[in-house]
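Next come the chains, spelled out residue by residue.
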Amino acid sequence: MAIRVFNTLTRQKEPFQPIEEGKVKMYVCGPTVYNYIHIGNARPAIVFDTVRRYFEYRGYDVHYVLNFTDVDDKLIKAANEMGEGVTDIANRFIEAYKEDVGALGVKEAVDHPRVTENMEEIIDFIQGLIDKGFAYASDGDVYFRTRSFESYGKLSQQSIDELRSGARIEVGDKKEDPLDFTLWKEAKPGEITWDSPWGTGRPGWHIECSAMAKKYLGDTIDIHAGGQDLTFPHHENEIAQSEAHNDKSFANFWMHNGYINIENEKMSKSLGNFILAHDLVKQHDPQVIRFFMLSVQYRHPINFSDELLRGAKSSFERIQNAFENVKHRKETSLDLTEDNDQWLSKIEAHKEQFIKEMDDDFNTANAISVLFDLAKSANLYLQESQTHSNVLSAFEEAFKELTGVLGLEIEAAEELLDEEVEALIEERIQARKDRNFERADQIRDELKERNILLEDTSQGTRWKRG
Ligand SMILES: [Zn+2]
């Protein structure tokens, strides 16, 4: 069975067929790095990371590219306001992005290209469009001649004449036609610039993705993804640029995730309901945030509130508890293997159902329901008078495998705790060496509070859970 993907281009689910056997070439539009990302940006990060993980689970080698827009108007404005260089600000917020989405279980992309590191490719791409008559230089700027690309509007399903009626030529405009969009922008005095055949300036926003997708993934890619708000004009313009330049279809599948609302309202600075992922991951367990984000199918809008997040926490805990109970029982269970085929096949059936749901356009909401079913089965099994270690192991593995596909670490809390314990014990040893007994005692008490008991022996400090 093939994975079926909803394709924005055709507005329907289509079986996924890779260009190259066993490979997925996937490009996701990344953030403009002038600020911390808000939860609206965290959603595509989590959603498309899950898509990637699922393809990998199904045996594909995924070449995942996510760009950073590290120069644009917003960055230049931020640089002026903060009295810092554009590159310094970009570097700082790229690190912050990686840290925040990393906390949310998002894997690093295979490539994280940046505009400023691909200027030559971008300029060559623009020149290629000029050479073919799809673009023109005008007084230091370069524009894409939108009308020259016949299928313009195919992604957002708008005709060029519909678009035309809403567009106007502004006084002083350097464009031939109001629908034309910027490929290269002449620099204003004092701005960061690059030399080009058209004078000093910098690229428009859309061109970077066409140039970098080509460089890292080739002329035609399997999947191009991003937030729904990017469909028009950003992705429409990317298609026009790439297909005009390369004479090939740009992306076979276009995937877009739905919006996020805050307590049923659109998130906006003016409403004061702007939530930064940077703050959120410090206030809540990032695993729960990820679980929450995946509790709705990615194309649907998702509503965020503290109450819903609390609900997600207790839901995730139900799954974690079943898993912990299985693990706990394993320690005391008999090593018998007979008469339990029905439970093993039940576990297999849950796994198959999970795959079926994910195959259907990555329906994580239904996949999570399967995790609840698995938890229910595990709890039922634990009520049996005699449990067998091979069934318990199969339950344990199924929990780990399926939560892992969603990027959730069901064991994370405990593993992290182990590391924390070791670190605190190290600190305590050092404190005692430094004769800082107050700190040493404080650490002992802190650990005791978390149910960790220390035992100082001649061989060193041992610890166990109380
Ligand atoms: Zn893009």
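Conventions adopted
Residues numbered from 1 in each chain as written. Predicted model: local features only at pLDDT ≥ 70, side-chain atom pairs only at ≥ 80, totals over all residues. Heavy atoms only, no water. Donors = N, O, S within 2.8 Å, 3.2 Å for Na, K, Ca; no water. Tetrahedral: all angles 85-135°; square planar, octahedral: opposite > 155°, others 65-115°. Helix = DSSP H or I, 4+ residues; strand = E, 2+ residues; numbered from the N terminus. Buried < 20%, exposed > 50% of the residue type's maximum accessible area, 1.4 Å probe, protein only. Expected span 1.5 Å × (residues − 1). Contact = heavy atoms within 4.5 Å. Axes fitted to C-alpha atoms, helices over the stretch in contact; angles between N-to-C directions. Parallel < 35°, antiparallel > 145°, perpendicular 65-115°, else oblique. Nonpolar A, V, L, I, M, F, W, Y, C, P; charged D, E, K, R; others polar. Pairing = 2+ DSSP bridges.

Here we come to the coordination of the zinc ion. Around the zinc ion, the protein supplies Cys29 (SG), Cys209 (SG), His234 (NE2) and Glu238 (OE) as donor atoms, at distances of 2.1 to 2.4 Å. Every donor counted, the four donor atoms about the zinc ion form angles of 76 to 128° at the centre, which fits irregular coordination. Read from N- to C-terminus, the donor residues coordinating the zinc ion fall into the pattern C-x179-C-x24-H-x3-E. Linking cysteine 29 in the loop between strand 3 (23–28) and helix 1 (39–57) with glutamate 238 in helix 7 (residues 231–246), this pair joins segments that are 209 residues apart in sequence. Taken individually, cysteine 29 and glutamate 238 each receive the classification buried, so the pair is uniform in this respect.

Moving on, we get to helix 11 (residues 341–359). The periodicity of an α-helix, 3.6 residues per turn, causes residues three or four places apart in sequence to face the same way. Between its first and last C-alpha, helix 11 extends 27 Å over 19 residues, near the 27 Å set by a 1.5 Å rise per residue. By the burial criterion, the buried members of helix 11 are Trp343, Ile347, His350, Lys351, Phe354, Glu357, Met358 and Asp359. Buried residues in helix 11 make contact with strand 1 (4–7), helix 1, helix 12 (364–382) and helix 13 (389–405).

Two numbers describe how helix 11 lies on helix 12: the axes approach to 8 Å, and their chain directions differ by 170°. Considered as vectors, helix 11 and helix 12 are oriented roughly antiparallel to each other. On helix 12, the residues touching Trp343, Lys346, His350, Gln353, Phe354, Glu357 and Met358 of helix 11 are Thr364, Asn366, Ala367, Val370, Asp373, Leu374, Ser377, Leu380 and Tyr381. For the contact of helix 11 with helix 12, a count of residues per class yields eight nonpolar, five polar and three charged.

Here strand 1 pairs with strand 2 (residues 12–15) via four bridges, running antiparallel. Following the sheet pairing, valine 5 is matched in strand 2 by glutamate 14. The antiparallel pairing of strand 1 with strand 2 creates a hairpin that spans four residues between the two strands, and arginine 11 there sits at a positive phi of about 55°.

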